[in-house]
Amino acid sequence: MTLKSTITSSVIQKSAALVLAGFCLVSTAQAQDATKIGFISTERVFREAAPYKAAQAKLEQEFSKRQNALQDMANRLKTAADKFDKDAPVLSESDRARRQRELSDLDRDFQRSQREFKEDLNQRRNEETAAAIDRTNRVIKQIAEAEKYDIVLQEAAYVSNRIDITDKVIKALGK
């Protein structure tokens with residue numbers, strides 16, 4: 001081997017080593033710049049987190065009397081309808097017509113009360129849920145900023161336990 005070939009070989013080896021070192025530095029920099037992803041199971045948060053449980057309990061307490069009154073009204077309507085069906089063959093035409101009107105009025109009142117109950121319940125549920133969602137979003141943002149997450153997702157087809165931060169959010173909401 002000549003001196004020229006030895007020098008050329010040495011230069012090629014050093015160049016290859018420099019290129020390899022460069023690749024190592026680039027891949028290390030890329031690893032440091034990797035996106036940090038988190039995932040939240042909104043279903044679990046709604047089911048298990050304290051603000052949502054408290055909202056549900058508050059709504060149940062607030063609407064239980066009206067729900068019981070509706071149940072009583074439904075029972076009265078059913079009893080009246082059963083009694084009418086039993087008595088209809090022996091009633092005079094005028095009594096039958098009067099009782100049918102009374103049943104229709106009672107049914108209409110029941111339907112109206114039931115519709116108002118559902119509307120009021122849905123409105124209050126939306127109010128309570130909106131407040132809990134605002135608090136949950138603040139907690140998620142705090143966790144994401146503190147742990148330097150680049151993105152936190154709420155829906156996914158598959159999630160590794162490694163990126164699932166639902167337990168952290170539920171725990172933080174319980175404080």
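Parameters and conventions
Residues numbered from 1 in each chain as written. Predicted model: local features only at pLDDT ≥ 70, side-chain atom pairs only at ≥ 80, totals over all residues. Heavy atoms only, no water. Phe/Tyr/Trp six-rings, centres within 6.5 Å; stacked < 30°, edge-to-face > 60°. Helix = DSSP H or I, 4+ residues; strand = E, 2+ residues; numbered from the N terminus. Buried < 20%, exposed > 50% of the residue type's maximum accessible area, 1.4 Å probe, protein only. Lys NZ or Arg CZ within 6 Å of the ring centre and 35° of its normal. Axes fitted to C-alpha atoms, helices over the stretch in contact; angles between N-to-C directions. Parallel < 35°, antiparallel > 145°, perpendicular 65-115°, else oblique. Nonpolar A, V, L, I, M, F, W, Y, C, P; charged D, E, K, R; others polar.

## Some remarks on the packing of aromatic side chains
In step 1: The final tally for this structure, using the stated rule, is 2 aromatic pairs.
In step 2: Centre to centre, the rings of F63 and F117 are 5.8 Å apart; their planes meet at 80°, and the pair counts as edge-to-face. Of this pair, F63 sits in helix α3 (residues 50–87) while F117 is found in helix α4 (residues 93–146), placing the two residues 54 residues apart along the sequence. Taken individually, F63 and F117 each receive the classification buried, so the pair is uniform in this respect.
In step 3: For the cation-ring pair, K36 lies above Y149, with the distance from its terminal atom to the ring centre recorded as 4.6 Å.

## Brief notes about the packing of α3 against α4
Relative placement of two packed helices is described by the angle separating their axes and the distance separating the axes.
In step 1: Taken N-terminus to C-terminus, the directions of α3 and α4 make an angle of 170°; their axes are 10 Å apart at the nearest point. With respect to α4, the axis of α3 lies roughly antiparallel.
In step 2: Of the residues contributing to the contact of α3 with α4, the split by class is 19 nonpolar, 5 polar and 16 charged.

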